[in-house]
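Next come the chains, spelled out residue by residue.
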Amino acid sequence: MTGAGLDAREAALLEVAREAGEVARQAFLKPIAVKMKGKQDFITETDSAVERLIVARLKAKFPQDAFLGEEGGATGEGDALWVIDPIDGTANFANRMPHFCVSIAFMSAGELLLGAIAAPMYGELYRARAGKGAFLNDRAMRVADADIQRAIVELGWSVRRPTRSYTAMVESVLATGATSQRAGSGALGLAYVADGRTHGYCELHINSWDCLAGILLVREAGGWTNDFLSGDGLTEGNPILACAPGLKEALVAATGVGQATENLKRRMS
Ligand code: IPD
């Protein structure tokens, strides 16, 4: 998809990301009712409400488009697909920490074309369009290449992979000379790589709604990412590694992400 169809979707994306971010911000300032979907897997009423709002707004403008959302799953068919995480960093949101965001990506014929991430408590809207660069509000973003000895790498965690594969990854990343952190939002973790605040983001399994917008931000800001969409990454998730290009070799070696699948499977078992 090119031209007018994509321009219209980009405009709608930015509008709905801002609106959804504002709804999430207002909800964050009130008492939050929290439920658990599983161990360390939070959900609030705002997750579902924000996803419904995003889908309704986009469906009204593009009735033929399909949707894949963290809460609502897959609806519709066709080449044009919106991938939505209404609140990424739900554990932070649920525990009244402001590090959360709304993340929305748009794909056509399997190609990642648009991404937006709204971090409403910080007044930040990150956006990217394939081939047209990545921006934070009105400022163009660039990844920051750094010596590995001063690099900051965020290492995402979830119960979807064994604890020992996470702790092994932390050890091998620390052994490169980089330091690690975990802030609890994969989407914002990727946005921070795009903006050169951190130098890499890695997680041994992440879902597409958490990371597609962020992947486009990193690529359009001059960074490198592994082929997250390979196999059934869109529907089942995959490992993710995103970084400044100068750190690729060291971080692929340390994490196994981006290496032959067999090596990675061994590390994750
Ligand atoms: C989670 C966050 C977290 C990441 C997990 C995700 P959610 O998404 O992005 O940082 O490590 O893999 O599941 O539940 O907050 O939308």
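Residues numbered from 1 in each chain as written. Predicted model: local features only at pLDDT ≥ 70, side-chain atom pairs only at ≥ 80, totals over all residues. Heavy atoms only, no water.

Caption draft 1: Expanded view of helix α4 (residues 163-175). Its 13 residues give α4 an end-to-end C-alpha distance of 18 Å, which sits within 8% of 18 Å, the value for a rise of 1.5 Å per residue. Residues of α4 that are buried: Ser165, Tyr166, Met169, Val170 and Val173. Angularly, the buried residues of α4 cover 140° about the axis, an arc narrow enough to put them on a single face. Within α4, the exposed residues directed more than 90 degrees away from the buried face are Thr163, Arg164, Glu171 and Ala175. After α4 finishes, the residue glycine 177 shows a positive phi value of roughly 110°. (Helix = DSSP H or I, 4+ residues; strand = E, 2+ residues; numbered from the N terminus. Expected span 1.5 Å × (residues − 1). Buried < 20%, exposed > 50% of the residue type's maximum accessible area, 1.4 Å probe, protein only. Arc of directions from axis to C-beta.)

Caption draft 2: Spatial organisation of the site of the ligand. With respect to spatial proximity, 15 residues lie near the ligand, and among them Asp88, Gly89, Thr90, Arg160 and Glu203 are the closest. Residue aspartate 88 places a side-chain N or O atom 2.7 Å away from an oxygen atom belonging to the ligand. With respect to the ligand, the side chain of arginine 160 contributes an N or O atom lying 2.6 Å from an oxygen atom. Relative to its unbound accessible area of 380 Å², the ligand is 90% covered by the protein chains. A majority-of-atoms criterion places the ligand in the largest pocket. Looking at the shell around the ligand, the elements with two or more residues in it are β5 (80-88) and β13 (200-206). At three residues, the largest contribution of residues to the shell around the ligand is made by β5. Of the residues assigned to the shell around the ligand, the class counts are three nonpolar, six polar and six charged. (Near = heavy atom within 4 Å. Polar contact = N/O pair within 3.5 Å; in protein donor to acceptor, adjacent residues only side chain to side chain. Areas by Shrake-Rupley, 256 points an atom, 1.4 Å probe, with all protein chains shown as cover. 1 Å grid on protein atoms, 1.4 Å probe; cavity = no way out; pocket = protein on both sides within 12 Å on 5 of 7 lines; lining within 4 Å. Sits in = over half its atoms within 2 Å of the grid points. Nonpolar A, V, L, I, M, F, W, Y, C, P; charged D, E, K, R; others polar.)

Caption draft 3: Molecular detail of the packing of aromatic side chains. Counting across every chain of the model gives five aromatic pairs. Ring geometry for phenylalanine 28 against phenylalanine 93: centres 5.8 Å apart, planes inclined by 45°, an arrangement best described as tilted. Taken together, the residues span a long stretch of sequence, with phenylalanine 28 in helix α1 (residues 3-28) and phenylalanine 93 in helix α3 (residues 90-94) at a distance of 65 residues. Sitting over the ring of tyrosine 192, arginine 197 keeps its end group 4.6 Å from the ring centre. (Phe/Tyr/Trp six-rings, centres within 6.5 Å; stacked < 30°, edge-to-face > 60°. Lys NZ or Arg CZ within 6 Å of the ring centre and 35° of its normal.)

Caption draft 4: Expanded view of the sheet that holds strand β8 (residues 124-129). Ordered by their spatial adjacency, eight strands build an open sheet running β4-β3-β5-β6-β7-β8-β9-β10, and the pairing between neighbours is mixed. The sheet is open, and its two edges are formed by β4 (73-75) and β10 (139-140), each paired on a single side. Bridging between strand β3 (residues 66-69) and β5 involves four bridges; their strand directions are parallel. For alanine 66, the partnering residue across the bridge sits in β5 and is leucine 81. Strand contacts of α1: β5, β6 (101-108), β7 (111-119) and β8, with the helix running at about 25° to β7, the strand carrying the most contacts. Packing against the sheet, helix α2 (residues 45-61) makes contact with β3, β4, β5 and β6, and its axis sits at approximately 155° to β5. (Pairing = 2+ DSSP bridges. Contact = heavy atoms within 4.5 Å. Axes fitted to C-alpha atoms, helices over the stretch in contact; angles between N-to-C directions.)

Caption draft 5: Expanded view of the pairing of β6. Burial analysis of β6 places eight of its eight residues in the buried class, which makes it a mostly covered element. Burial along β6 is two-sided: Cys101, Ser103, Ala105 and Met107 and Val102, Ile104, Phe106 and Ser108, pointing in opposite directions, are all buried. As paired elements, β5 and β6 share seven bridges and run antiparallel to each other. Each residue of the ladder has a partner; that of leucine 81, found in β6, is methionine 107. Sheet topology note: the β6/β7 ladder contains seven bridges and is antiparallel.

Caption draft 6: Spotlight on empty space enclosed by the protein. In the structure shown here, the tally under the stated rule is one cavity of 30 Å³ or more. In this structure, the largest cavity spans a volume of roughly 60 Å³. Lining of the largest cavity is provided by Gly156, Trp157, Ser158, Arg161, Tyr166, Glu203, Leu204 and His205. Here the lining of the largest cavity takes three residues from β13, the largest share from any one element. (Points joined across faces, edges and corners; volume = space filled by probe spheres on them.)

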